[in-house]
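Below, each chain spelled out in residue letters.
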Amino acid sequence: MTQICLIDDDHDVRRTLRTQLESGGFKVVEASNGLEGLRLLEHHPCEIVIVDLIMPEKEGLSTILELKTRFPQLGILAISGRAEYLTLAQELGADEALPKPIHLATLLDNVRKLVRAKA
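Positions within a chain are numbered from 1, following the residues in the order the chain's sequence is written. Note on the predicted model: pLDDT of at least 70 is required for a residue's local features to be given, and 80 or more for side-chain atom pairs to be given and counted; whole-chain, interface and lining totals, by contrast, use all residues. Where side-chain values are given, they derive from all heavy atoms of the structure, hydrogens and water being excluded.

Caption draft 1: Structural detail: the overall build of the protein chain. Going along the chain from the N terminus, every DSSP run of H or I of four or more residues is numbered as a helix, and every run of E of two or more is numbered as a strand. Helix and strand counts for the protein chain come out as 5 helices and 5 strands. Taken from N to C terminus, the helices and strands of the protein chain fall in the order β-α-β-α-β-α-β-α-β-α. We compute the radius of gyration from the C-alpha atoms alone; for a globule the expected value is 2.2 Å times N to the 0.38, where N is the number of residues. Scaling as 2.2 N^0.38, a compact globule of 119 residues should have a C-alpha radius of gyration of about 14 Å, and the protein chain matches this with 12 Å. Taken along the three principal axes of its C-alpha coordinates, the protein chain extends 30 × 30 × 25 Å. Taken over 119 residues, the protein chain has a buried fraction of 45%. Here a residue-residue contact requires only that any non-hydrogen atoms of the pair lie within 4.5 Å. Within the protein chain, contacts between residues separated by at least 24 positions form 61% of all contacts whose residues are at least 6 apart in sequence. Buried residues are those whose accessible area, probed at 1.4 Å on protein chains only, stays under 20% of the maximum for their type, while exposed residues exceed 50% and partly exposed ones sit between those limits.

As structure tokens, then:
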């Protein structure tokens, strides 16, 4: 079963996305910011990371840069309500980018696409 690390500071967003991802057959671990997510990945290997771009502690763009360095095999899906940040996220190494609010079918399609690409 593919494990996903979901990093978002909004508890309600994490709960909604986790529910959808688990109903799609994925296992999900959660973090509320980039620092927590990076620590979590050290002990819970994942294939995919979904990372919000605007968060306290360690925001998503710097998290993406560190993910690419420390865990280059990961598929990275950036999410944000700010379209201009999504383009930058892809320039910094995110494989996919989705605007908020996220259409849940689109989320599952993008995650499955990443899983196939990283297999």
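Having seen it, we continue.
Caption draft 2: Main features of the pairing of strand 5 (residues 96-99). Every second residue of strand 5 is oriented toward a common face, the buried set being Glu-96 and Leu-98 and the non-buried set Ala-97 and Pro-99. Here strand 4 (residues 75-80) pairs with strand 5 via 4 bridges, running parallel. Looking at the pairing, Ala-78 lines up with Ala-97 of strand 5. Here the term right-handed applies to a crossover when the path leading from its first strand over the helix to its second strand runs clockwise, the strands being oriented away from the viewer. Between the parallel elements strand 4 and strand 5, the chain passes through helix 4 (residues 83-92) in a crossover that is right-handed. Strands are treated as partners if at least two bridges between them are detected by DSSP.

Caption draft 3: Highlighting the nonpolar core. Residues grouped as a nonpolar core are buried Ala, Val, Leu, Ile, Met, Phe, Trp, Tyr and Cys residues, joined through side-chain atoms within 4.5 Å. In terms of nonpolar packing, the biggest core is built from 22 residues, with Cys-5, Leu-41, Val-49, Ile-64 and Leu-67 touching the most fellow members. Those elements giving two or more residues to this core turn out to be strand 1 (3-7), strand 2 (27-31), helix 2 (34-43), strand 3 (48-52), helix 3 (60-70), strand 4 and helix 4. When near neighbours in sequence (up to four residues on either side) are disregarded, Leu-41 contacts Cys-5, Cys-46, Val-49, Leu-67, Phe-71 and Leu-74. Core analysis: the next-biggest nonpolar cluster, separate from the first, contains 16 residues, Leu-21, Leu-77, Leu-98 and Ile-102 among them.

Caption draft 4: Quick look at the environment of Glu-47. Looking at the secondary structure, you find Glu-47 in the loop between helix 2 and strand 3. Exposure remark for Glu-47: the relative accessible area of 39% places this residue in the partly exposed category. For the pair Glu-47 and Gly-75, spaced 28 residues apart in sequence, the C-alpha separation works out to 6.3 Å. Here the side chain of Glu-47 touches Gln-3 through a polar contact of 2.6 Å, landing on its backbone nitrogen. Pairs of N or O atoms within 3.5 Å make up the polar contacts considered here, provided that, within protein, one atom can donate a hydrogen while the other can accept it, and that residues adjacent in sequence are counted only when both atoms are side-chain atoms.

Caption draft 5: How the structure looks around the pairing of strand 4. With respect to burial, strand 4 is a largely interior element, 6 of its 6 residues being buried. The two faces of strand 4 match: Gly-75, Leu-77 and Ile-79 on one face and Ile-76, Ala-78 and Ser-80 on the other face are all buried. Pairing of strand 3 with strand 4 involves 5 bridges; the strand directions are parallel. Directly across from Val-49, in strand 4, lies its bridge partner Ile-76.

Caption draft 6: Focus on the packing of helix 1 (residues 11-23) against helix 5 (residues 104-118). Their axes nearest at 10 Å, the elements helix 1 and helix 5 cross at an angle of 60°. Judged by the angle between their axes, helix 1 and helix 5 are oblique. Classified by chirality, the crossing of helix 5 by helix 1 is right-handed. Between helix 1 and helix 5, the contacting residues are Thr-16, Leu-17, Gln-20 and Leu-21 on the first element and Leu-104, Leu-107, Leu-108 and Val-111 on the second. Each axis is a line fitted through C-alpha atoms, taken for helices only over the stretch in contact, and angles between the N-to-C directions span 0 to 180 degrees. Geometric relationships in this document are graded by angle, where less than 35 degrees denotes roughly parallel, more than 145 denotes roughly antiparallel, 65 to 115 denotes roughly perpendicular, and other angles denote oblique. Should the near helix be turned anticlockwise from the far one by less than a right angle, the crossing is left-handed, and should it be turned clockwise, the crossing is right-handed.

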